[in-house]
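So the chains spell out like this:
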Amino acid sequence: MRAKVTKAIFPVAGLGTRFLPATKSVPKEIMTLVDRPLIQYAIDEARAAGIKEFIFVTSRGKSALEDYFDHAQQLESELRKKGKTELLEILKETNMDSGEIAYVRQHKALGLGHAVWCARRLIHNEPFAVILPDDVIAAEKPCLQQMVEAYAETGGSMVAAMEVPPEKASAYGVLDVQEDMGSVVSVKGMVEKPAPEAAPSNLAVIGRYILNPHVLKALNKKETGAGGEIQLTDAIAKEIGTERGVYGFRFRGQRFDCGSKAGFLQATVSFGLSRDDLKDELMAYLQEVIALDKAAQ
Ligand code: UTP
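Residue numbers restart at each chain and count upward from 1, following the sequence in its written direction. With pLDDT at 70 or above as the cut-off, local features in this predicted model cover only qualifying residues; side-chain atom pairs require 80 or more to be listed or tallied, and sums for whole chains, interfaces and linings still use all residues. The basis for every side-chain value is the complete set of heavy atoms in the structure, and neither hydrogens nor water enter the calculation.

## Some words on the site of the ligand
In plain terms, the rule: When we say a residue is near a molecule or strand, we mean one of its heavy atoms is within 4 Å of it. Here a polar contact is taken to be a pair of N or O atoms separated by no more than 3.5 Å, where protein atoms must pair a possible hydrogen donor with a possible acceptor and residues adjacent in sequence count only if both atoms sit in side chains. In these tables, accessible area is a Shrake-Rupley quantity obtained with a 1.4 Å probe, and a residue counts as shielded only by the protein chains included in the view.
In the vicinity of the ligand, 17 residues are found, and the nearest of them are P11, L15, T17, K28 and Q106. G16 places a main-chain nitrogen or oxygen 3.0 Å from an oxygen atom of the ligand. Here K28 contributes a side-chain N or O atom positioned 2.7 Å from an oxygen atom of the ligand. Compared with its free state, where it exposes 570 Å², the ligand has 82% of that area covered by protein.

## Points about the packing of aromatic side chains
For any pair of aromatic rings, the description rests on two quantities: the centre-to-centre distance and the angle between the ring planes. Just so we agree on the cut-off: In this analysis, rings of Phe, Tyr and Trp, with Trp reduced to its six-membered ring, are considered paired at centre separations within 6.5 Å, and the interplanar angle assigns stacked below 30 degrees, edge-to-face beyond 60, and tilted for intermediate values. Working definition: helices are DSSP H or I runs of at least four residues, strands are E runs of at least two. Numbering for both runs from the N terminus. Only protein chains enter the accessibility calculation, which uses a 1.4 Å probe. A residue is then buried if its area is under 20% of the maximum for its type, exposed if over 50%, and partly exposed in between.
Scanning the entire structure with this criterion turns up eight aromatic pairs. Summarising the aromatic geometry, the rings of F10 and F54 are spaced 6.1 Å apart at their centres and angled 20 degrees between planes, so their arrangement reads as stacked. Note that F10 is positioned in strand 1 (residues 7–11) and F54 in strand 4 (residues 53–58), a separation of 44 residues in sequence. When the ring of F56 is compared with that of F69, the centres are 5.4 Å apart and the planes differ by 45 degrees; the resulting orientation is tilted. Placement of the pair is F56 in strand 4 and F69 in the loop between helix 2 (63–68) and helix 3 (73–81), with a sequence separation of 13 residues. On the basis of relative accessibility, which here comes to 0%, the residue F56 falls in the buried class. Since its relative accessible area comes to 3%, F69 is described here as buried. A network of ring pairs unites the aromatic residues F10, F54, F56, Y68, F69 and Y103 as a single cluster.

## Considering the environment of R36
Put simply, the test is: Note on contacts: a residue pair is in contact if any heavy atoms of the two residues lie within 4.5 Å.
Here R36 shows up in strand 3 (residues 36–37). Along the primary structure R36 and V185 are separated by 149 residues, whereas in three dimensions their C-alpha atoms are 34 Å apart. In this structure, R36 is in contact with M31, Y41, D44 and E93, ignoring residues within four places of it in sequence. In terms of polar contacts, R36 uses its side chain to reach the side chain of D44, at 2.4 Å.

## Structural notes on the environment of Q146
Within the secondary structure, Q146 sits in helix 6 (residues 143–154). Counting along the chain gives 36 residues from Q146 to L110, while the straight-line C-alpha distance between them is 30 Å. Setting aside anything within four residues of it in sequence, one finds Q146 in contact with A139, K141, F249, F251 and R252.

## Some thoughts on the nonpolar core
We apply this condition: By convention a nonpolar core is built from buried Ala, Val, Leu, Ile, Met, Phe, Trp, Tyr and Cys residues, the set being connected through side-chain atoms within 4.5 Å.
One finds F10 and F56 to be the most contacted residues of the largest nonpolar core, which totals 38 residues. Of all elements in the fold, only strand 1, helix 1 (38–48), strand 4, strand 6 (128–131), helix 6, strand 8 (157–163), strand 11 (203–211) and strand 12 (246–250) reach the threshold of two or more residues within this core. When residues of this core are assigned to their parent elements, the largest contribution, five residues, is made by helix 6. Apart from residues no more than four positions distant in its own chain, F10 is found in contact with I39, A42, I43, A46, F54, I55, F56, V57 and I131. Counting 34 residues, the second largest nonpolar core, distinct from the first, contains V57, A119, L175 and L203.

## Thoughts on the UniProt feature "domain: Nucleotidyl transferase" (unreviewed entry) in the protein chain
Worth spelling out the cut-off: UniProt positions are given in the numbering used here, feature names are shortened, and annotations may be inferred rather than shown by experiment.
Here, UniProt's "domain: Nucleotidyl transferase" (unreviewed entry) annotation points to residues 12–268. What you have in residues 12–268 is 28% helix and 25% strand, and the ends, taken at the C-alpha atoms, are 20 Å apart.

## Regarding the state of the cysteines
Applied cut-off: What counts as a disulfide here is a pair of cysteine sulfur atoms lying within 2.5 Å.
Evaluation of the coordinates by the stated rule reveals zero disulfides. C143 takes part in no disulfide bond, and the closest cysteine sulfur to it belongs to C258, at a distance of 14 Å. Using a relative accessible area of 0% as the deciding quantity, one classes C143 as buried.

## Structural notes on the packing of helix 9 (residues 261–273) against helix 10 (residues 279–296)
This is how the line gets drawn: Throughout, an axis means a line fitted to C-alpha atoms (over the contacting stretch in the case of helices), and angles, computed between N-to-C directions, take values from 0 to 180 degrees. Any angle from 65 to 115 degrees is called roughly perpendicular, while one under 35 is roughly parallel, one over 145 is roughly antiparallel, and all others are oblique. Lys, Arg, Asp and Glu make up the charged group, whereas Ala, Val, Leu, Ile, Met, Phe, Trp, Tyr, Cys and Pro make up the nonpolar group; the residues left over, Gly among them, are polar.
Contact geometry for helix 9 and helix 10: axes closest at 8 Å, N-to-C directions at 130 degrees. The angle between helix 9 and helix 10 places the two elements in the oblique class. Listed contacts from helix 10 to V269, G272 and L273 of helix 9 are K279, L282, M283 and L286. Each residue belonging to the contact of helix 9 with helix 10 can be placed in one class, and the counts come to five nonpolar, one polar and one charged.

## Some thoughts on the pairing of strand 8
Test applied: Here, any two strands with at least 2 DSSP bridges between them count as paired.
With six of seven residues buried, strand 8 is to be regarded as a mostly interior element. In this structure, strand 8 lies alongside strand 12, joined through five bridges in parallel fashion. Bridging across to strand 12, S157 finds its partner in V246. Strand direction decides the pairing type here: strand 8 and strand 11, joined by six bridges, are antiparallel. Along strand 11, the bridge assignment pairs V159 with Y209.

So, in structure tokens, the structure goes:
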């Protein structure tokens, strides 16, 4: 039987320069879509997929992130006194049991591959998930859950993949597809941030992975790739052609790139519109903005 995926690594040690000056003191992952921080969406998705151990790779200045998962004793007792049971329920989602969560420090932002490698001693000989919280995915069935189900069939290593137009491919790792089986594709190559004419397909890798522990061995070599960073994609690519193999998974859902300002704003609007308590007011405002814009043209 295939080993279950019960551990997830959340690399959150990046500098978040695209959100400066906010990220000077607020970790990007604590920034909120409506009223929940990005990290909460990631944790919920991991839980739905059966993850039991949550490993954060953090860096200096991320203490707000660690505090977020603590019990807020004083706040909770105040809410209890005031009979605010609904708010107490909401707070419950943020609590983690002792031992469920671990923090590892990445001392220097040397790249995503390096961040994952920093968690190596907490992963034994078992498959593990990697979730990038700035990729937020709205889906009926959470993306990682879809992947865990597909992985039960394929084994190996699996990356979430999404179709992108050719001019956007150079912002991603891109898959060279060996066999297209529908939602799953087998992979014969991966190129990190290819020039538009060099992209082997329109299937781009986004921030969800299920990885075989052999990937950590490849990361041990600490080879730098695109942008002078230690790239996770390069280490996964070393698994191609092994008996384990690499698969791409076309997830069902809408992905928002919340690492970029435009993506973050789009997600804010979309998540706002999906909320019963906000939808009407927000929609009316958007219609007003569009009407004003049209009138001004
Ligand atoms: P990004 O490429 O979005 O980088 O990292 P960033 O530093 O977060 O943001 P910008 O580009 O400066 O605005 C993708 C993911 O990998 C993590 C980030 O925290 C983010 O979740 N990461 C990246 C690390 O943990 N360590 C690194 O050295 C690099």
